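The primary structure of each chain is shown beneath.
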Amino acid sequence: MQLALAVIASMLAAAQLVTAVPVRRHETKMMTSATKRNAAGAVYFITNEADENRIIAASINSDGTLSLDRAVATRGVGSHGITDPQGPDALFSQGAIKASAKGQVLATVNAGSNTVSLFSIDPTSPTNINRIGEPVSSQGEFPMSLAFSSDGSRLCVLNGGTTNGVNCYSVDKKAGLRALPNTLRSLGLNQTTPATGPAGSASHLVFSEDGKQLMASVKGVPPTPGIIAVWDVADDGSLSADFNAVSPPSGGLLPFSMTVIPGKNAVLSTDPGVGFDVFDFSSGNQSSAVKIDGQNATCWSSFSQKTGNFYLTDIGTAIVTEVNVDDNLKASIVKQYPQKSGSATIDNDIATVNGKDFLYVLAPGAKTVEVLSLDSPGNAKHVQTLDLAGPTKAAGVTINTNNLQGMTSFIRQ
């Protein structure tokens, strides 16, 4: 009982651990003389700088390529996890920034402020984002990943610091984020603030396809494997008091990202310890760990509706790996697409533009975004390298190889 009271007291105290917001400079810094008015959509990622966090927004053109547009202050600050040596992937996570097409909203973590910021997206000009209310407490420390409900009416955050776990909010498009009752739940990890990792840290937060479960991935500390923590979600958005800890299949070790396998009660989880894992949550028991030969740290993943395949990125080898999962949850590697050596490919997302899917990959090692056209299964073509260094410097926006994080897309409906 005393331990439980101590945990509750710690989590309540964390609600007050919102650090001072950065000095307000120009809230929006433009990187173009004229915003594209006919853009198909936009992609967004964060600078995650320790003195000021900004969202960088780039227009998606009709051919799937990108044009940098603006950098918008979140009124929060970033952070970098504790690791030696320090490098890219500061938050040890996927989902640090997320857009909801149905909700027409965008949210980002501010890992150094212990806050979450919410923005509206102008559907006629998607790089035009406007903050809704002030940043709110993440109710924990070192927020690292976000998940919207399918309709965009709820948002949940994964905290990975000393006070770790999840918390959820209702999304009010006028007032901002409001904490939902009975959603503040602890993971009970023995962690630090900033988080220490990558091993032993939390990674990613997603809803199940039907929205009835909320899942958080936690990497193991070799030789002990990690888990996926699964909470049940009630109709009112509240979470079960305890989570169900699902272990990786034999051979799995470090569950990182989670991408829902459509039509199945299952996810594909990248696993830098082996390659990737398939978690089968049904009674079919078709879970498996799949080796990617020569991989270094395969940690991020997305799914293409058009090709029916998954696309995984490796920070160490800078290779994109295309994976197919069949109806029996048997997974196989389709093809691999090397990117520039040393580019440190991390977060990625896929958007459908004029009937074709495009993969957008943040490559902080090169300070670029790599764009691949997913023409058909086994046929991805590199179509653009978007330079970030020159335009951000010209606009007075600070970016750092070790801090850039996140990737999410919005397409006009």
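Residues numbered from 1 in each chain as written. Predicted model: local features only at pLDDT ≥ 70, side-chain atom pairs only at ≥ 80, totals over all residues. Heavy atoms only, no water.

1. Comments concerning the environment of His 204
Mapped onto the elements of the fold, His 204 is located in strand 15 (residues 202–207). Taking the relative accessible area as the measure of exposure, His 204 reaches 5% and is therefore buried. Through-space distance from the C-alpha of His 204 to that of Ile 228 is 9.4 Å; in sequence the pair is 24 residues apart. Polar side-chain contacts of His 204 include one of 2.9 Å to the backbone nitrogen of Met 258. (Helix = DSSP H or I, 4+ residues; strand = E, 2+ residues; numbered from the N terminus. Buried < 20%, exposed > 50% of the residue type's maximum accessible area, 1.4 Å probe, protein only. Polar contact = N/O pair within 3.5 Å; in protein donor to acceptor, adjacent residues only side chain to side chain.)

2. Comments concerning the sheet that holds strand 3 (residues 54–60)
Across the sheet, 5 strands lie side by side as 1-4-3-2-31; this open sheet has antiparallel pairing. The open sheet is flanked by strand 1 (28–30) and strand 31 (405–411), the only strands paired with a single partner. Pairs of neighbouring strands in the sheet enclose a mean axial angle of 25°, with direction left out of account. As paired strands, strand 3 and strand 4 (residues 66–73) are joined by 7 bridges and run antiparallel to one another. Paired with Ala 57 across the two strands is Arg 70, which belongs to strand 4. (Pairing = 2+ DSSP bridges. Axes fitted to C-alpha atoms, helices over the stretch in contact; angles between N-to-C directions.)

3. Focus on the side chain of Ser 301
Looking at where Ser 301 falls in the secondary structure, it is placed in strand 23 (residues 298–303). The exposure class of Ser 301 is buried, given its relative accessible area of 1%. Looking at Ser 301, its side chain comes within polar contact range of the side chain of Ser 257, at 2.6 Å. Not counting the four nearest positions on each side in its chain, Ser 301 is found in contact with Gln 94, Ser 257, Met 258, Thr 259, Leu 268, Thr 270, Tyr 311, Leu 312 and Asn 348. (Contact = heavy atoms within 4.5 Å.)

4. Points about the pattern of salt bridges
Throughout the structure, instances matching the rule amount to 10 salt bridges. In this structure, Glu 27 and Arg 131 form a salt bridge, with 3.9 Å as the shortest nitrogen-oxygen distance. With Glu 27 in the loop between helix 1 (2–14) and strand 1 and Arg 131 in strand 8 (residues 129–131), this pair connects stretches of sequence that are 104 residues apart. For Glu 27, a relative accessible area of 26% translates into the label partly exposed. Assessed through its relative accessible area of 25%, Arg 131 is described here as partly exposed. Note that Arg 75 and Glu 134 form a salt bridge whose closest N and O atoms lie 2.7 Å from each other. Here Arg 75, found in the loop between strand 4 and strand 5 (97–100), pairs with Glu 134, found in the loop between strand 8 and strand 9 (136–137); they are 59 residues apart in sequence, far enough to count as distant. (Salt bridge = Lys/Arg side-chain N within 4 Å of Asp/Glu carboxyl O.)

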